[in-house]
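Understanding the architecture of this molecule
Listed below, chain by chain, are the residues.
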Amino acid sequence: MKSVLLFLAGASLASALARADLTVVQRVDGGGQSGEQTIHVQNGRARCDIGGVVSVIVDKEAGTTTTLVHAQKGYLALTPDRTKAMLEKMQKARASQEPPKLVDMGKKEKIGEYDCEIFTAEMGAVKVTYWLAKDYPDFQKILTELDVLDGAPLAAANNGLAPRTRDLPGMPMKMLMEAAGQKVTITLVSAKEEPADPAIYAIPKSYKELPGPPAAAK
């Protein structure tokens, strides 16, 4: 359940192609980790560095997701063909393909320097609470750029389970995800446009490919 919460959190907060380099830093607490994760977006590619342990690289045009496991100096590459059967099986198991609706709780709370409106969404056994800042500068552009993560092969399985990031009516300053007694809180630290070295989206030459998961049964 911890891994499910973390995957949903990453896909939900961290979700059109970017026309400028974007860097988003978030604080993650719960689900077995506590620390910062950094997301870089550049020209339809994204990289999410999670606590210095793993990095996930998404190439929207190629339809690939690559996970770097730094301690093992290895990587796991997932291509559209490799994930197709898995995604089809997961989508067939879902009761509905429609994403849950945001519910306005009619409450407000200040997160950092921004006044946020509080919304919730129910995703089966998962409940998510959003603190959304509607006056955050250029939030719609930022969320549209982050949508490259929602277009990743594995993240496609999340479509319909959570509101699409690009459709949120404000900048998610904070999210609380709850399921089966587990909680994950993600708080925005910063979001800004700044140049990033294109090399961060490549697999390091010293890394070796790791064995992939078994093919999903049809």
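Residues numbered from 1 in each chain as written. Predicted model: local features only at pLDDT ≥ 70, side-chain atom pairs only at ≥ 80, totals over all residues. Heavy atoms only, no water.

**A word on the packing of aromatic side chains**
Per the stated rule, a full pass over the model turns up one aromatic pair. Ring centres of Tyr114 and Tyr136 lie 5.0 Å apart, and the angle between their planes is 45°; this geometry places the pair in the tilted category. Note that Tyr114 is positioned in strand 8 (residues 114–123) and Tyr136 in the loop between strand 9 (126–133) and helix 3 (139–146), a separation of 22 residues in sequence. With a relative accessible area of 16%, Tyr114 lands in the buried category. Among the residues examined, Tyr136 registers a relative accessible area of 11% and is labelled buried. (Phe/Tyr/Trp six-rings, centres within 6.5 Å; stacked < 30°, edge-to-face > 60°. Helix = DSSP H or I, 4+ residues; strand = E, 2+ residues; numbered from the N terminus. Buried < 20%, exposed > 50% of the residue type's maximum accessible area, 1.4 Å probe, protein only.)

**Overview of unusual backbone geometry**
Of note, Asp138 is a non-glycine position whose phi angle comes to about 55°, a positive value. Note on placement: Asp138 falls in the loop between strand 9 and helix 3. Residue Ala180 is not a glycine yet carries a positive backbone phi of 50°. Relative to the helices and strands, Ala180 resides in the loop between strand 10 (171–179) and strand 11 (182–193). The exposure class of Ala180 is exposed, given its relative accessible area of 64%.

**A short note on the confidence of the model for the chain**
With 73% of its residues at a pLDDT of 70 or more, the chain shows a mean pLDDT of 81. The lowest-confidence element of the chain is helix 1 (residues 2–13), averaging 47 in pLDDT; the highest-confidence one is strand 7 (residues 103–111), averaging 97. The model gives residues 2–9 a pLDDT under 50, and that stretch makes 25 contacts with residues more than four places away or in other chains. (pLDDT = per-residue confidence, 0-100. Contact = heavy atoms within 4.5 Å.)

**A short note on the sheet that holds strand 10**
Read from one edge of the open sheet, 12 strands run 7-8-9-10-11-1-2-3-4-5-6-12, paired in mixed fashion. Single-partner strands in this sheet number two, and they are strand 7 and strand 12 (208–209). (Pairing = 2+ DSSP bridges.)

**Let's talk about the pattern of salt bridges**
Pairing between side chains of opposite charge can happen when their charged atoms approach one another. The tally for this structure, following the rule as stated, stands at nine salt bridges. Of the charged contacts in the structure, one is a salt bridge between Asp49 and Arg47, with a shortest N-O distance of 2.7 Å. Judged by its relative accessible area of 13%, Arg47 falls in the buried class. Ionic pairing is found between Arg166 and Asp147, a salt bridge with its closest N-O pair at 3.1 Å. One end of the pair, Arg166, is in the loop between helix 3 and strand 10; the other, Asp147, is in the loop between helix 3 and strand 10, and 19 residues separate them in sequence. (Salt bridge = Lys/Arg side-chain N within 4 Å of Asp/Glu carboxyl O.)

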